[in-house]
Amino acid sequence: CSFESAFLAVPQEALIETMEINQKFFPVLSDGGKLTEHFIGIANIESQNVDEVRKGYERVIRPRFSDAKFFFDEDLKQGLVSMGDGLKTVTYQAKLGSVADKVARVATLAENIATQVGADPAQARRAAELAKNDLQSRMVNEFPELQGIAGRHYALAAGEPKEIALAIDEAYQPRFAGDDIALSPLGKVLAIAERLDTLAGGFAAGLKPTGNKDPFALRRNALGLARTVIESGFNLNLKELLSLARTESTAAIVASELRTKAAAAADAKSKGVAADQAVTASGHTTAKDIEELYDFILDRLRGYYADKGVPAAHFNAVAELKPASLYDFDTRLDAIGTFATLQEAEALAAANKRIGNILKKADIAIPHAVDRALLTDPAESALAEAVEAVLGETDEALHHHDYVTVLNHLARLRPQVDAFFDSVMVNADDPAVRANRLALLKRLADRFRAVAAIEHLST
C-alpha cells in the first residue's frame, strides 16, 4: 500500500507508531532507514479483489496520519521554548514540586557533570532546560512513546544545535532492558543528570521501592544511571553527585513545605482566624542518605554483572570497598577477574582472610610503620623486605588505577607469605614484637584492599 508523500514531513517515528500500534501495518524503510511512502498490510482472507483491500487499508490510515500532521504543524507554530511555560503548572510529585522545578534541578546537575567529563556545560544546561518541554506538545499527548523524540524534532525546527536536539532524545536512553545507552557526550550527561534527580528526589520524598511497588521506576533509573556511567567510561565521583542531587531535592521539599504553610496561614488570616505567621521548615542531607542511595545502585549492579557472567565473589570483593566512581568499580572488577586466574590467587585470598581475622582480634594499637629492629625471624624479615619492595613498585600503578599491575606484583609475595605463616607466631608474648608483626600484616592487607577485598575469593 502507499500514502501521500506529503505526510513524510511528519517525524517518521509518529507515523511508524500509528502504523504499527493502531493499524497493525508494517512500514517500509529505505536502505538508509528512512520511512518511505509505502507500507504493508496483511489480510487473513484470500481476497477476490486485492486492489479493494489495498484501497481500504490506505483509506483507514489517512485520518490517523492527518491527525499526526495536524499535531506536528500546531506544535511547530507554538515552538519548543513556548511549550516550557506550561511546565510550571504540571505537578511532578507533590513534595518535589512541578516539572519546571525538576527541570531546574536537572539543569544544575547536567552543568556540573558536563564540566567534569569535558562536555560543554552551557549546552548541557540548555539541553536540560528544553528536555521536558515536549511533554506539553500535542504530539506527545497523542503518542506518549515519543517523549524526547518529538523534542529532538522540535529543537531542530527551532534552530537549536544538533548536539542539543540529539541530547533531548538520548536523555531517555536506555528506554528499556537491553536498550543502548546514549551515544553522544551531551546525551550521556543529560541521561545521568535526569536519573540522578529522579533517584535522589524519589528517596527524599519517601518513595523508595518496596516489594513490587516502584511507581517512579527507581530501580530502572538506578540501572540506567549505572550503565551510562560505566559504559561511557566517565570517572565521576558518584557519591558527590548523589549528595548534590539529594541536597537539591531536599531543598525543593523544604520550599514546597514553606509554600504550603504560608498559603495556609494566609487563608486563615483572610477568614479572621488567628494563625502563627512564622513559617519555618528544615531539611538536610546526611551521609546515611547518600550511602542508602549508593547501596541501592549497587544492588542493581549486582544483577547487571551477574548477567555478564561475573562471579558474585568478585563483585563482593569490590563492593565491600564501595568505590566512589562506578567506572573505577568496573576497572577493579576487571582486575579481580584477571587476578583470579593466577595460581597464587586462592592461597593469597585465604591468607588475606586470615590476616583480616588476626587484625580484627588485635588488642593493642598497631603502628603505622614496621620497625626493622624488631624483626627477629628470617621469614618475617623476608616478608617485610618483599612488602616494602612491592609497595614501592605499585605506588605509581595504583595512582593510575592500573589494578592489574598492582595485583600481579602482590601475587609474587606468595612464597614469603606462606613462609611467614609457617614459621612466625604473630601473637608473640612481647607486645612490641606482636605490634610490629601486626603492622607488617596490615601494610600488606592495606595494599590488597587498595584494589579489593580479595578474601572474598577464598572458598
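This text follows the structure it describes.
Engineer: Whenever I open this one, the pairing of strand E1 (residues 26-29) confuses me. Can you help?
Structural biologist: It is a general feature of regular strands that their side chains alternate between the two faces of the sheet. Pairing of E1 with strand E2 (residues 35-40), which is carried by three bridges, proceeds in the antiparallel orientation. Note that in E2 the partner of Phe 26 across the bridge is Ile 40. Where E1 folds back onto E2 in an antiparallel hairpin, the turn is made up of five residues, including Gly 33, whose phi is positive at roughly 85°.

Engineer: Please clarify how the packing of aromatic side chains should be interpreted in this entry.
Structural biologist: Note on aromatic pairs: each is described by the distance of the centres and the angle between the planes. Applying the stated criterion across every chain, the model contains 15 aromatic pairs. Look at Phe 203 and Phe 296: their rings are 5.1 Å apart centre to centre, the planes differ by 65°, and that puts the pair in the edge-to-face class. Of this pair, Phe 203 sits in helix H9 (residues 185-204) while Phe 296 is found in helix H12 (residues 287-307), placing the two residues 93 residues apart along the sequence. Accessibility classification places Phe 203 together with Phe 296 in one group, the buried group. Where Phe 420 meets Phe 421, the ring centres are 5.4 Å apart and the plane angle is 85°; that geometry is what we call edge-to-face. Assigned by exposure class, Phe 420 and Phe 421 land together as buried. Linked through ring pairs, Phe 3, Phe 7, Phe 25, Phe 39, Tyr 57 and Phe 65 together constitute an aromatic cluster. A cation over an aromatic ring shows up here: Lys 239 above the ring of Tyr 294, its NZ or CZ 4.8 Å from the ring centre. Its guanidinium or amino end placed over the ring of Phe 296, Arg 300 lies 4.8 Å from that ring's centre, counting from NZ or CZ.

Engineer: Would you take a moment to explain a nonpolar patch on the surface for this structure?
Structural biologist: Nonpolar side chains collect at one region of the surface, where Phe 26, Ile 40 and Ile 42 lie side by side and expose about 310 Å² of accessible area between them. Among the secondary structure elements, Ile 40 is positioned in strand E2.

Engineer: In this structure, what is going on with the layout of surface pockets? I would like to understand it.
Structural biologist: Empty space among the atoms becomes apparent when a probe as large as a water molecule is rolled across them. The volume enclosed by the largest pocket comes to roughly 490 Å³. Of all the secondary-structure elements, those providing two or more residues to the lining of the largest pocket are helix H4 (99-117), H9 and helix H10 (218-232). Its residues placed into classes, the lining of the largest pocket shows 13 nonpolar, three polar and six charged.

Engineer: So what exactly am I meant to see when it comes to the packing of H12 against helix H14 (residues 326-339) here?
Structural biologist: Helices that pack against each other are described as a pair by the angle of their axes relative to one another and the distance between those axes. Where H12 meets H14, the closest approach of the two axes is 13 Å, and the angle between their N-to-C directions is 40°. Viewed along their axes, H12 and H14 adopt a mutual orientation that is oblique. The two elements H12 and H14 meet at a crossing, and its hand is right-handed. In this structure, H12 uses Tyr 294, Ile 297, Leu 298, Leu 301 and Tyr 305 to contact H14, whose residues at the interface are Leu 326, Phe 329, Asp 330 and Leu 333. Along the lines of polarity and charge, the residues of the contact of H12 with H14 split into eight nonpolar, no polar and one charged.

Reading the values: rules and limits
- Residues numbered from 1 in each chain as written.
- Predicted model: local features only at pLDDT ≥ 70, side-chain atom pairs only at ≥ 80, totals over all residues.
- Heavy atoms only, no water.
- Pairing = 2+ DSSP bridges.
- Helix = DSSP H or I, 4+ residues; strand = E, 2+ residues; numbered from the N terminus.
- Phe/Tyr/Trp six-rings, centres within 6.5 Å; stacked < 30°, edge-to-face > 60°.
- Buried < 20%, exposed > 50% of the residue type's maximum accessible area, 1.4 Å probe, protein only.
- Lys NZ or Arg CZ within 6 Å of the ring centre and 35° of its normal.
- Patch = residues over 30% accessible without salt bridge, like charges linked within 9 Å, V, L, I, M, F, W, Y side chains within 5 Å.
- Areas by Shrake-Rupley, 256 points an atom, 1.4 Å probe, with all protein chains shown as cover.
- Salt bridge = Lys/Arg side-chain N within 4 Å of Asp/Glu carboxyl O.
- 1 Å grid on protein atoms, 1.4 Å probe; cavity = no way out; pocket = protein on both sides within 12 Å on 5 of 7 lines; lining within 4 Å.
- Points joined across faces, edges and corners; volume = space filled by probe spheres on them.
- Nonpolar A, V, L, I, M, F, W, Y, C, P; charged D, E, K, R; others polar.
- Axes fitted to C-alpha atoms, helices over the stretch in contact; angles between N-to-C directions.
- Parallel < 35°, antiparallel > 145°, perpendicular 65-115°, else oblique.
- Left-handed = near helix turned anticlockwise from the far one by under 90°.
- Contact = heavy atoms within 4.5 Å.

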